[in-house]
Amino acid sequence: MAKKKKNTPAPRPAATDAPATLKDMLSREVLDKLKAQSDALKAEEQGKKDAVLKAAEDKRKAEQKRLENDFGHLLENSNQDWSKFK
């Protein structure tokens, strides 16, 4: 005969036995203020990232425009097979 395995479930702590968290101790007003401040900081950080990306894009476009007006650069980077254009 095979031995039977006994399933003993792990004891789970009851909800009342759990230690109180900071979220439980703070009032609803304070939590709302903290969430609003967090959202404001995230929006400010996103705005800074967008400004940095826009500045980099503007700088890249200005450099590209400068190079397009530079005859030496265009001559070096152009296709040397000009017989196609005859």
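Residues numbered from 1 in each chain as written. Predicted model: local features only at pLDDT ≥ 70, side-chain atom pairs only at ≥ 80, totals over all residues. Heavy atoms only, no water.

## Quick look at the overall build of the protein chain
Cut-off, in case you're wondering: Only DSSP runs of H or I covering at least 4 residues are called helices, and only runs of E covering at least 2 are called strands; the numbering of each starts at the N terminus. Classification of residues uses two cut-offs on accessible area relative to the type maximum, computed with a 1.4 Å probe and protein chains only: under 20% is buried, over 50% is exposed, and between them is partly exposed. Exposure was quantified through the Shrake-Rupley algorithm and a 1.4 Å probe, taking into account, for residues, occlusion by the shown protein chains and nothing else.
Across its full length, the protein chain holds 3 helices and 0 strands. Order of helices (α) and strands (β) in the protein chain, N terminus to C terminus: α-α-α. Counting only residues that meet the buried cut, the protein chain has 2% of its 86 residues in that class. Just so you have it, the protein chain exposes about 9000 Å², and 58% of that area is on carbon and sulfur atoms.

## A look at the confidence of the model for the protein chain
For clarity, the cut-off: Each residue gets a pLDDT score, which is the predictor's confidence in that residue and runs from 0 to 100.
When pLDDT is averaged across the protein chain, the result is 84; 86% of the residues are at 70 or more. The least confident element of the protein chain is helix 1 (residues 22-25), whose mean pLDDT is 78; the most confident is helix 2 (residues 28-68), at 95.

## Some points on the pattern of salt bridges
For clarity, the cut-off: Note on definitions: salt bridges are taken to be side-chain nitrogens of Lys or Arg within 4 Å of carboxyl oxygens of Asp or Glu.
Applying the stated criterion across every chain, the model contains 5 salt bridges. Put simply, Lys54 and Asp58 hold a salt bridge, and the shortest N to O gap is 3.6 Å. Here Lys54 pairs with Asp58, and both are found in helix 2, just 4 residues apart, close to one helical turn.

## Regarding a nonpolar patch on the surface
Under the convention used in this document: Put simply, a patch holds well-exposed residues, over 30% relative accessible area, that have no salt bridge, with like charges counted together within 9 Å and Val, Leu, Ile, Met, Phe, Trp or Tyr side chains within 5 Å.
Together, Phe71, Leu75, Trp82 and Phe85 give the surface a local cluster of nonpolar side chains, amounting to about 540 Å² of exposed area. For Leu75, a relative accessible area of 40% corresponds to the partly exposed category.

## What to know about the environment of Leu74
As a reminder of what qualifies: For this analysis, residues touch if any pair of their heavy atoms sits within 4.5 Å.
With respect to the helices and strands, the residue Leu74 is situated in helix 3 (residues 71-77). Among the residues examined, Leu74 registers a relative accessible area of 41% and is labelled partly exposed. Ignoring anything within four residues of it in the chain, the contact list for Leu74 reads Leu67 and Glu68.

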